[in-house]
Amino acid sequence: MSVPTTPPPYLDDDQIERLGDLLDRRAVPFKGFNLEALDGFLSALAVAPSLVPPSEWEPVVWGGKPPRWDSVEEAGQVQHLLLGHWNMCAARVRLDSDNLPDHLAPLMWLPEDPELTGEEALHEDELDVGQDWALGFFAAVSLREDEWDRWLDENDWIEEIFDQLDRLASGEAINPDDPTAPVTPIGYRERLAIVAGVPGMLADLNHHRVDALTPRTPIRREAAPGRNEPCPCGSGKKYKKCCGVQ
């Protein structure tokens, strides 16, 4: 199978399934990412304070070292899938939740049965909705930790986003008024509420990233006339006795 030279703008269902299977076999056993963690990882890279090149982030996907592929063609196919997923995440963060099409939605596992809305109806291992996604997100943050820290220091709203995602990752909520108080486990419904807000969080972070990277043109002020020069308003008076009066 030949590999197209240009990665797709997003992955279709078959490509997502192939990538997920590939990660389960070649990444997860070596402490790399599953599909959901990869989605969180690439989403964070798409809104990062500075660009992280594929040569830096791709080894992390596989647990630190890319696998040995059977052929150059196979390696190209894997690269095609990864960059297609990257394109998908980069397109996602440019849209707010109201305009996000289904094919760009975050890839998170959710219970298939819509009747499973109460914690008592779920098995314990089904309560970690969004956990792998959030862990992948924070793995990407660690690649530019100092720069993210500066954003966090300057923007309380980014810290609030990180707090929400930390709840998904840890399964616990810390009392902001008393960090020494016992943590509170978060439930399934709270997880769903945070997951529903993820596209909006990513859009806000991307707006901030674009704004931070946009060059600012300094405002040039016209030089004020000397105090004894004619006032530019045309009054015939000296500037100090007209518009220059303090």
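Check the entry above for the structure.
All of these numbers come straight from a predicted model, not from anything done at the bench. (Residues numbered from 1 in each chain as written. Predicted model: local features only at pLDDT ≥ 70, side-chain atom pairs only at ≥ 80, totals over all residues. Heavy atoms only, no water.)

S.K.: Would you mind going over the overall build of the chain with me for this structure?
M.R.: When helices and strands are counted, the chain shows 8 helices and 2 strands. The order of α-helices and β-strands along the chain, N terminus first, is α-α-α-α-α-α-α-β-β-α. The 246 residues of the chain split such that 40% are buried. Pairs at least 24 residues apart make up 67% of the contacts formed inside the chain by residues separated by at least 6 positions. (Helix = DSSP H or I, 4+ residues; strand = E, 2+ residues; numbered from the N terminus. Buried < 20%, exposed > 50% of the residue type's maximum accessible area, 1.4 Å probe, protein only. Contact = heavy atoms within 4.5 Å.)

S.K.: What's the story with the packing of aromatic side chains in this structure? I'm lost.
M.R.: Given two aromatic rings, one states the distance between the centres and the angle between the planes to describe the pair. On inspection of all chains with the given rule, the structure shows 10 aromatic pairs. Seen in terms of ring centroids, Phe137 and Trp148 are 6.3 Å apart; in terms of plane orientation they differ by 55°. Their pairing is tilted. With Phe137 in helix α5 (residues 131-141) and Trp148 in helix α6 (residues 145-154), this residue pair connects regions lying 11 residues apart in the sequence. The same class applies to Phe137 as to Trp148, namely buried. Judged by centre distance (5.3 Å) and plane angle (80°), the ring pair of Trp148 and Trp151 falls under edge-to-face. In this pair, Trp148 and Trp151 both sit in helix α6, 3 residues apart, roughly one turn of the helix. Each member of the pair, Trp148 as well as Trp151, carries the same accessibility label: buried. Linked through ring pairs, Trp133, Phe137, Phe138, Trp148, Trp151 and Phe162 together constitute an aromatic cluster. (Phe/Tyr/Trp six-rings, centres within 6.5 Å; stacked < 30°, edge-to-face > 60°.)

S.K.: Which parts of the structure should I look at to understand the layout of surface pockets?
M.R.: Where empty space is left becomes clear once a probe the size of a water molecule has been rolled over the atoms. Size it by volume and the second largest pocket reaches roughly 220 Å³. Lining the second largest pocket are 14 residues, and of these Asn34, Glu36, Met108, Trp109 and Asp132 lie nearest its centre. At the level of elements, α1 (13-26), α2 (35-46) and α5 are the ones that each hand at least two residues to the lining of the second largest pocket. Per-element tally for the lining of the second largest pocket: the top contributor is α1, with 3 residues. Its residues assigned to classes, the lining of the second largest pocket comprises 5 nonpolar, 4 polar and 5 charged. (1 Å grid on protein atoms, 1.4 Å probe; cavity = no way out; pocket = protein on both sides within 12 Å on 5 of 7 lines; lining within 4 Å. Points joined across faces, edges and corners; volume = space filled by probe spheres on them. Nonpolar A, V, L, I, M, F, W, Y, C, P; charged D, E, K, R; others polar.)

S.K.: Explanation requested: unusual backbone geometry in the structure shown.
M.R.: In most cases, non-glycine residues show a negative phi, while peptide bonds are predominantly trans. One non-glycine residue, Lys31, lies in the positive phi region at around 65°. Along the chain, Lys31 turns up in the loop between α1 and α2.

S.K.: I keep staring at the nonpolar core and nothing clicks. Help me out?
M.R.: Side chains of nonpolar character tend, in soluble globular proteins, to be buried together. Leu19, Leu38, Phe41, Trp57, Val61, Trp62 and Phe137 are the most contacted members of the largest nonpolar core, which has 57 residues in total. If you list the elements that add at least two residues to this core, you get α1, α2, α3 (54-61), α4 (72-92), α5, α6, α7 (156-170) and α8 (188-213). The leading source of residues in this core is α2, at 8 residues. In this structure Trp62 touches Leu22, Leu23, Arg26, Ala27, Phe30, Gly32, Pro67, Trp69, Val78 and Leu82, once residues within four positions along its chain are discounted. (Core = buried A, V, L, I, M, F, W, Y, C linked by side-chain atoms within 4.5 Å.)

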